[in-house]
Amino acid sequence: MRAVCPVRRFEIERDRVIIAIDGPAGVGKSTVAKLLAARLGYLYLDTGALYRAIAWKTLQSRIRPTDHDQVTALLPITSIHMQFRHGAMQVLVDGIDISGELRTPEVTAAASVVSAIPAVREWLLPIQRQIGQRGSVVAEGRDMGTKVFPAAPFKFFLEADADVRVARRHRELVAAGRDGTVETTSRDLSDRDRRDRTRLVDPLVPAGDARLIDTSALSPDQVVEQMIAAVSIGL
Ligand code: DC
């Protein structure tokens, strides 16, 4: 068998590669995933937007996100499509582009609740995998490396100190013109964290073969450099 050096192997296989990025809220996942996708010319798949889309439809339908049966009953009468334009992902629910409505506090809170419903996770699985099949994808979420793309050759799990995550999330909210004190941001973040890490189906845990990166003292560019270095040498 002919030996292929790791860099060359990456060159050969890059068209089919999925890079999985997981971690809790506020570690800088989205920023880093977008930057990495842009640097590599890959598609950026934001799987949180899919859970947010279900949350959006739940709220629109005046269903309580905690009502598992009613949320589950919504799924067969829902269509979700994603469009990728100039590196940005647009989400269409039942044919309507709702991308601009996915980041409100109401949708954020509801997404955290509906994402714990097993039927919702099951329903979104083929949608995510279908996009992954295109290859050249940076997929960001909570269960990319453990569940959705367990065979991804590159897996990163980002962590950061709790106070750093709260400060980052609070800055984002202020920049987006939303209300909220550091205390409420801290409470929301720890509630979401607890739900993500303790849910029975696909909880937030690092895949056994994920590379852990603590982003507390790193800029997004520094994190991306670490990732590119790992990917280039085929780690
Ligand atoms: O990453 P985000 O904040 O946009 O995610 C919204 C919610 O969806 C979050 O509370 C966790 C959940 N989520 C998930 O359970 N699995 C994923 N792969 C992505 C997000």
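## Some points on the environment of Ala-217
Part 1 of the argument: Following the sequence through the fold, Ala-217 ends up in the loop between strand 8 (211–214) and helix 10 (220–232).
Part 2 of the argument: Distance from Ala-217 to Pro-153, taken between C-alpha atoms, is 26 Å for residues 64 residues apart in sequence.

## Side note on the pattern of salt bridges
Part 1 of the argument: What the rule picks out here adds up to 14 salt bridges.
Part 2 of the argument: We note a salt bridge from Lys-57 to Asp-94, for which the minimum N-O separation is 2.7 Å. In this pair, Lys-57 sits in helix 3 (residues 48–60) while Asp-94 sits in the loop between strand 4 (88–93) and strand 5 (96–97), placing the two residues 37 residues apart along the sequence.
Part 3 of the argument: Taking relative accessible area as the criterion, Asp-94 reaches 36% and is therefore assigned partly exposed.
Part 4 of the argument: Between Asp-143 and Arg-121 there is a salt bridge, with its nearest N and O atoms 2.9 Å apart.

## Some details on the site of the ligand
Part 1 of the argument: Neighbouring the ligand are 16 residues, the closest being Arg-52, Arg-121, Arg-142, Asp-143 and Arg-192.
Part 2 of the argument: Arg-121 has a polar side-chain atom sitting 2.8 Å from an oxygen atom of the ligand.
Part 3 of the argument: One nitrogen or oxygen atom from the side chain of Asp-143 is found 2.9 Å from a nitrogen atom belonging to the ligand.
Part 4 of the argument: Across the complex, the protein chains shield 97% of the 450 Å² of accessible surface that the ligand would expose by itself.
Part 5 of the argument: For the shell around the ligand, the secondary structure elements donating two or more residues are helix 3, helix 5 (105–114) and helix 9 (182–198).
Part 6 of the argument: Of all the elements, helix 3 adds the most residues to the shell around the ligand, at 3 residues.
Part 7 of the argument: Residues belonging to the shell around the ligand are distributed by class as follows: 3 nonpolar, 5 polar and 8 charged.

## As for the sheet that holds strand 8
Part 1 of the argument: Spatially, 2-6-1-7-8 is the arrangement adopted by the 5 strands of the open sheet, whose pairing is parallel. Here the strands that pair on one side only, and so sit at the sheet edges, are strand 2 (43–46) and strand 8. Taken pair by pair, the neighbouring strands of this sheet meet at an average axis angle of 20 degrees, ignoring direction.
Part 2 of the argument: Of the pairings in the sheet, the one linking strand 1 (residues 18–22) to strand 6 (residues 137–141) comprises 5 bridges and is parallel in character. Following the sheet pairing, Ile-19 is matched in strand 6 by Val-138.

## Let's talk about the side chain of Glu-140
Part 1 of the argument: On the secondary structure map, Glu-140 appears in strand 6.
Part 2 of the argument: We note that Glu-140 is buried and unpaired, the nearest opposite charge coming from Lys-29 at a distance of 4.2 Å.
Part 3 of the argument: A polar atom in the side chain of Glu-140 sits 3.3 Å from the side chain of Ser-30.
Part 4 of the argument: Not counting the four nearest positions on each side in its chain, Glu-140 is found in contact with Ile-21, Lys-29, Ser-30, Ala-33, Tyr-44, Leu-45, Asp-46, Thr-47 and Gly-48.

## As for the nonpolar core
Part 1 of the argument: Among the nonpolar cores identified, the biggest contains 38 residues, and Ile-80 and Val-91 are the most heavily contacted of them.
Part 2 of the argument: Tallying contributions element by element places helix 3 first for this core, with 7 residues.
Part 3 of the argument: When neighbours within four sequence positions are excluded, Ile-80 is seen to be in contact with Leu-50, Ala-53, Ile-54, Val-91, Leu-92, Val-93, Trp-123, Leu-124 and Ile-127.
Part 4 of the argument: Among the nonpolar cores identified, the runner-up in size contains 23 residues, and Leu-36, Tyr-42, Phe-154 and Val-224 belong to it.

About the thresholds
Residues numbered from 1 in each chain as written. Predicted model: local features only at pLDDT ≥ 70, side-chain atom pairs only at ≥ 80, totals over all residues. Heavy atoms only, no water. Helix = DSSP H or I, 4+ residues; strand = E, 2+ residues; numbered from the N terminus. Salt bridge = Lys/Arg side-chain N within 4 Å of Asp/Glu carboxyl O. Buried < 20%, exposed > 50% of the residue type's maximum accessible area, 1.4 Å probe, protein only. Near = heavy atom within 4 Å. Polar contact = N/O pair within 3.5 Å; in protein donor to acceptor, adjacent residues only side chain to side chain. Areas by Shrake-Rupley, 256 points an atom, 1.4 Å probe, with all protein chains shown as cover. Nonpolar A, V, L, I, M, F, W, Y, C, P; charged D, E, K, R; others polar. Pairing = 2+ DSSP bridges. Axes fitted to C-alpha atoms, helices over the stretch in contact; angles between N-to-C directions. Lys, Arg positive; Asp, Glu negative; His and termini not counted. Contact = heavy atoms within 4.5 Å. Core = buried A, V, L, I, M, F, W, Y, C linked by side-chain atoms within 4.5 Å.

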